[in-house]
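# Chain and residue survey
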Amino acid sequence: MTTKKINLNENLKKLSQIASWFESQSDLDVEKGLQYVKAGAELIKSSRERLSEIENEFKEIKKEISKD
């Protein structure tokens, strides 16, 4: 089973789009707003997990470099 790696740049673009939507609303649709908040929360959660993975990869590379 292959897992798709989260693309942080894509997540940031999506979060920016969500923020822009909220900023552009003069009469907020609460139901749609709730959907965007949930989507944003998932994007933040997956981004944090990916950042942790990237940090671990950098630590492994540092260990490999230090061995030489």
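Anything mentioned here points back to the structure above.
Below or above, wherever it landed, is the structure these notes cover.

Rules used in this analysis
Residues numbered from 1 in each chain as written. Predicted model: local features only at pLDDT ≥ 70, side-chain atom pairs only at ≥ 80, totals over all residues. Heavy atoms only, no water. Helix = DSSP H or I, 4+ residues; strand = E, 2+ residues; numbered from the N terminus. Expected span 1.5 Å × (residues − 1). Buried < 20%, exposed > 50% of the residue type's maximum accessible area, 1.4 Å probe, protein only. Contact = heavy atoms within 4.5 Å. Polar contact = N/O pair within 3.5 Å; in protein donor to acceptor, adjacent residues only side chain to side chain.

### Details of helix α2 (residues 30-67)
For α2, spanning 38 residues, the distance from its first C-alpha to its last is 56 Å, which sits close to the expected 56 Å at 1.5 Å a residue. Of all the residues in α2, the buried ones are Gly33, Gly40, Leu43, Ser46, Ser47 and Arg50. Buried positions along α2 lie against α1 (8-24). A side-chain oxygen of the first residue of α2 lies 3.2 Å from the backbone nitrogen of Glu31; this N-cap is Asp29.

### Some points on the side chain of Arg50
Here Arg50 is to be found in helix α2. Leaving out residues up to four positions away in the same chain, Arg50 has contacts with Lys5, Ile6, Leu8 and Glu57.

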